[in-house]
Amino acid sequence: MQRPLLMHCLSKTKIAMLKFDNVSMRYPEVGDVLRNVSFHLQHGEMAFLTGHSGAGKSTLLKLIPVIERCSRGQVLLDGQNLNKARNRQIPYIRRKVGLIFQDYKLLQDRTVFDNVALPLVIAGYGHNEISRRVRASLDKVGLLGKEKKYPVTLSGGEQQRVGIARAVVNKPPMILADEPTGNLDPELSAEIMHLFEQFQQVGVTVLIATHDISLITQMNHRVLKLDHGQLIAS
Amino acid sequence: MKHINKNQIKQDRWQTRTSGGNLVDKLQAYRDLHAHALFSSLGRLIASPFASVMTIVVLSVAISLASGFYILVANLQQLTGNLEASNQISLFLRDEVSNAKAHSLADSIRQNQGVQEVKLITKEQALEEFQAYSGFGEAVKALEKNPLPFVIQVLPKNSLENKQAIEALLENLKQETEVDFAQMDMQWVARLQSIMDVARRGVRSLSLLLGVGVLFITGNTIRLELHNRHDEVVIAKLVGATDGFIRRPFLYSGFWMGFFSGVAAWFIVTTTMLILKQPVEKLSGLYDGAFHILFLGFTETLALLAISSVLGMAGSWMVLHFQLQKLKPE
């Protein structure tokens, strides 16, 4: 039953992890937020998404876990056309994408362990498996030993790392981060970015929206630049 | 290309570790999820006792009204159930009719083709019967003369099938000069039974209405809970929770509210019946003493708990169905 590895790799490389094809997004109240955006990210690629405030970074990111659907064009995630996804398929699409937010979006009344475990509980993993994976994930972000703490007792940098641990605990093929260092000082930001690089090195596709130019220039990765809804560099 | 292939292999390694867990583990996890939802929703009810008690009291009053009326009608039915509709006709004779005349009238009626049986109750017999069963024995003794009339009880032939013939017979008998007043017994039994029908139907509609009330009260409570846990729901949605996963704890909350309201309603109804038991039995003792108050039985109690639990779940399902459709993450 084992497929030859080479064939497997070839078949997968044909399909980009993420593909935007002439995507436009229009809100009735605001007008066009994205205009004919086209690009693709290969499996295991890391890229920054940048641009001025209101350039459409967040909107672009929202299209990937189908928080919004684009008005024109198409978005393909691992070959699946997201425009055609039915509502009941959306949860399963979201499980393929680890989301990281500027405000961390942690549950304040739950421990670090419970926060990180949430995606696994949702995916229906058994108790032992959850425990093992949460520990592995917290170890990865350097928070092992803080499972029983509550988010409020942690610093901003630590809270964001809990958010990252939650995003990767289910081992999704892709990570999306929306201004993940927006609330952190430069030193912590560099640490967080370094973490993302580590995930990329194990083959995860990473897309980070940020306007922290100094950080981007320090790191040698692809940069997608949005200006008034149009992609002006990729 | 080479770079990508290398990454791809790493990705495969990362991914192979994701597809763990066999069927047994999954089933166990599913069972754990349900158990967790069942107990965590109970815990949440207990964590805010004041709000929970208020809701449960409102729900249980509605449920106990419905079940209380049900048991009331069941009791009344027990009272009237013994009375079978018969087509017997009672003829009350005029006061001045003599003993001989009464007997001759009874004989002449007996000759009638449509009559099966005729029974004459004399004034004396009627008085005796009245003294024995009415509870006014002493009062009757104080009377100077017997106020009761002769009564002739007439049982028509084929009584049930031929209603018009019976009506005709009744009209005929009314014409007799000695007859003061003729009455078909069936009429008042039939009337009583139709009153009971009305009552039964009334209770049914009232129960339906109260059931709808319970549905909406639970729905509204769940809507508030959903509102309070909005952040949690949004985060769960963002990390890939299905609507089913999000609904589950709320459905269990609805279940518990319904169930506890059912239990409380049972106590309300049973306590009320216990309070009524003594005076009712005293009253019944003054008559024949054949009446015993009915309580909610085992099956009825089970049905009460089941219906209230289902109503609780249905109410929360109804709200979740619409609210989760509306709710968009962010």
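Just so it is clear, the structure is predicted and the values come from calculations on it, not from any experiment. (Residues numbered from 1 in each chain as written. Chains lettered and ligands numbered in written order. Predicted model: local features only at pLDDT ≥ 70, side-chain atom pairs only at ≥ 80, totals over all residues. Heavy atoms only, no water.)

Q: Tell me what's going on with the overall build of chain A, and back it up with residues and numbers.
A: A tally of regular secondary structure across chain A gives 8 helices and 10 strands. For chain A, whose C-alpha radius of gyration is 18 Å, the value lies close to the compact-globule estimate of 17 Å for 234 residues. Across its three principal directions, the C-alpha atoms of chain A cover 50 × 45 × 35 Å. Among the 234 residues that make up chain A, the fraction classed as buried is 57%. Restricting the contact set of chain A to residue pairs at least 6 apart, pairs at least 24 apart contribute 70%. (Helix = DSSP H or I, 4+ residues; strand = E, 2+ residues; numbered from the N terminus. Rg over C-alpha atoms; globule rule 2.2 N^0.38 Å. Buried < 20%, exposed > 50% of the residue type's maximum accessible area, 1.4 Å probe, protein only. Contact = heavy atoms within 4.5 Å.)

Q: Would you mind going over a nonpolar patch on the surface in detail, with residue names and values included?
A: Residues and elements named next belong to chain B. Together, Val53, Val57, Val61, Leu65, Phe69, Leu72, Leu76, Leu79, Leu206, Leu209 and Ile268 line one region of the surface with nonpolar side chains, adding up to about 910 Å² of accessible area. With 8 residues, the single largest contributor to the nonpolar patch is helix 3 (residues 49-81). Relative to the helices and strands, Leu76 is located in helix 3. (Patch = residues over 30% accessible without salt bridge, like charges linked within 9 Å, V, L, I, M, F, W, Y side chains within 5 Å. Areas by Shrake-Rupley, 256 points an atom, 1.4 Å probe, with all protein chains shown as cover. Salt bridge = Lys/Arg side-chain N within 4 Å of Asp/Glu carboxyl O.)

Q: I'd like a rundown of helix 10 (residues 243-286) of chain B, residues and numbers included.
A: The first and last C-alpha atoms of helix 10 of chain B sit 63 Å apart over 44 residues, in line with the 64 Å expected at 1.5 Å per residue. The largest bend in helix 10 of chain B comes to about 40°, at Lys277(B), with the proline Pro279(B) one to four residues further on. (Expected span 1.5 Å × (residues − 1). Bend = angle between axes of the 7 residues up to and from the residue.)

Q: Give me the side chain of Thr59(A): which residues, what numbers.
A: Residue and element names in this part refer to chain A. One can find Thr59 in helix 2 (residues 57-63). Residue classification places Thr59 among the buried residues on the basis of a relative accessible area of 10%. Excluding anything up to four places from it in sequence, Thr59 contacts Met25, Tyr27, Val33 and Leu34.

Q: Which residues make up the packing of aromatic side chains, and what are the values?
A: A full pass over the atoms with the stated rule returns 8 aromatic pairs over all chains. Ring centres of Phe259(B) and Phe260(B) lie 5.8 Å apart, and the angle between their planes is 65°; on these two criteria the pair is classed as edge-to-face. Look at Phe259(B) and you get partly exposed, because its relative accessible area is 26%. Ring pairs connect the aromatic residues Phe255(B), Trp256(B), Phe259(B) and Phe260(B), which therefore count as one cluster. Here the guanidinium or amino end of Lys105(A) rests over the ring plane of Phe101(A), the centre of that ring lying 5.5 Å away. (Phe/Tyr/Trp six-rings, centres within 6.5 Å; stacked < 30°, edge-to-face > 60°. Lys NZ or Arg CZ within 6 Å of the ring centre and 35° of its normal.)

Q: I'd like a description of the pattern of salt bridges, backed by residues and values.
A: Overall, the coordinates contain 19 salt bridges over all chains when judged by the stated rule. Among the salt bridges present, the one from Lys105(A) reaches Asp103(A), with a minimum N-O distance of 3.7 Å. Between Glu225(B) and Arg229(B) there is a salt bridge, with its nearest N and O atoms 3.2 Å apart. By relative accessible area, which is 12% here, Arg229(B) ends up buried. Among the charged side chains, a salt-bridge network with shared partners connects Arg110(A), Glu225(B), Arg229(B) and Glu232(B).

Q: Pulling in residues and values, what's your account of the environment of Arg200(B)?
A: All names here are of chain B. With respect to the helices and strands, the residue Arg200 is situated in helix 8 (residues 185-228). Considering only alpha carbons, one finds Arg200 and Lys277, 77 residues apart in sequence, at a separation of 22 Å. Ignoring sequence-local partners within four residues, the contact set of Arg200 consists of Val73 and Gln77.

Q: Can you break down the layout of surface pockets residue by residue, with the values?
A: When its volume is computed, the second largest pocket comes out at roughly 750 Å³. Arg110(A), Val121(A), Leu33(B), His36(B) and Phe245(B) are, among the 27 residues lining the second largest pocket, the residues nearest its centre. Of all the secondary structure elements, the ones that give two or more residues to the lining of the second largest pocket are helix 4 (112-123) and helix 5 (127-140) of chain A together with helix 2 (23-47), helix 9 (230-238) and helix 10 of chain B. Here the lining of the second largest pocket takes 7 residues from helix 2 of chain B, the largest share from any one element. Of the residues that constitute the lining of the second largest pocket, the class distribution is 16 nonpolar, 4 polar and 7 charged. (1 Å grid on protein atoms, 1.4 Å probe; cavity = no way out; pocket = protein on both sides within 12 Å on 5 of 7 lines; lining within 4 Å. Points joined across faces, edges and corners; volume = space filled by probe spheres on them. Nonpolar A, V, L, I, M, F, W, Y, C, P; charged D, E, K, R; others polar.)

Q: Run through the nonpolar core, naming residues and quoting values.
A: Residues and elements named next belong to chain A. Among the nonpolar cores identified, the biggest contains 75 residues, and Leu18, Phe20, Leu60, Ile64, Leu77 and Leu207 are the most heavily contacted of them. In this view, Phe20 contacts Val37, Ser38, Phe39, Leu60, Leu63, Ile64, Gln74 and Val75; residues no more than four positions away in its chain are not counted. Of all hydrophobic cores here, the second largest spans 37 residues; its members include Leu106, Leu138, Ala177 and Phe199. (Core = buried A, V, L, I, M, F, W, Y, C linked by side-chain atoms within 4.5 Å.)

Q: Just give me the short version of the pairing of strand 7 (residues 174-178) of chain A, but keep the residues and values in it.
A: Residues and elements named next belong to chain A. Among the 5 residues of strand 7, 4 are classified as buried, and the element is accordingly described as predominantly covered. Pairing between strand 6 (residues 97-100) and strand 7: 4 bridges, direction parallel. What sits directly across from Val97, in strand 7, is Met174. Relative to strand 8 (residues 205-209), strand 7 runs parallel, the two being bridged by 5 bridges. What sits directly across from Met174, in strand 8, is Thr205. Handedness of the crossover joining strand 7 and strand 8 through helix 7 (residues 186-201) is recorded here as right-handed. (Pairing = 2+ DSSP bridges. Right-handed = clockwise from strand over helix to strand, strands pointing away.)

Q: Give me the sheet that holds strand 2 (residues 31-41) of chain A: which residues, what numbers.
A: Residue and element names in this part refer to chain A. What the 4 strands build is an open sheet, ordered 2-1-4-5; its pairing is antiparallel. Strand pairing shows two members of the sheet lacking a second neighbour, strand 2 and strand 5 (80-81), which therefore form its edges. In this structure, strand 4 (residues 72-77) lies alongside strand 5, joined through 2 bridges in antiparallel fashion. Each bridged residue has a counterpart across the sheet, and for Leu77 the counterpart in strand 5 is Gln80.

Q: If you had to explain unusual backbone geometry to someone new, which residues and values would you point to?
A: Residue and element names in this part refer to chain A. Even without being glycine, Asp78 reaches a positive phi, approximately 50°. Within the fold, Asp78 resides in the loop between strand 4 and strand 5. Classification of Asp78 as partly exposed rests on a relative accessible area of 22%. Positioned with a positive phi, Glu179 is a non-glycine residue whose angle comes to about 45°.

Q: Can you explain the confidence of the model for chain B? Please cite residues and give values.
A: Overall, the prediction assigns chain B a mean pLDDT of 83, with 87% of residues at 70 or greater. Across the interfaces of the predicted complex, the ipTM metric reaches 0.89, alongside a pTM of 0.76. (pLDDT = per-residue confidence, 0-100.)

Q: A description of the sheet that holds strand 2 (residues 115-121) of chain B should follow, citing residues and the corresponding values.
A: All names here are of chain B. On the basis of which strands lie adjacent, the open sheet formed by 4 strands has the order 2-3-1-4 and antiparallel pairing. Where the open sheet ends on each side, the last strands, each with one partner, are strand 2 and strand 4 (179-184). Taken pair by pair, the neighbouring strands of this sheet meet at an average axis angle of 20°, ignoring direction. As paired strands, strand 2 and strand 3 (residues 151-156) are joined by 6 bridges and run antiparallel to one another. Bridge pairing in strand 3 places Val118 opposite Val154. (Axes fitted to C-alpha atoms, helices over the stretch in contact; angles between N-to-C directions.)

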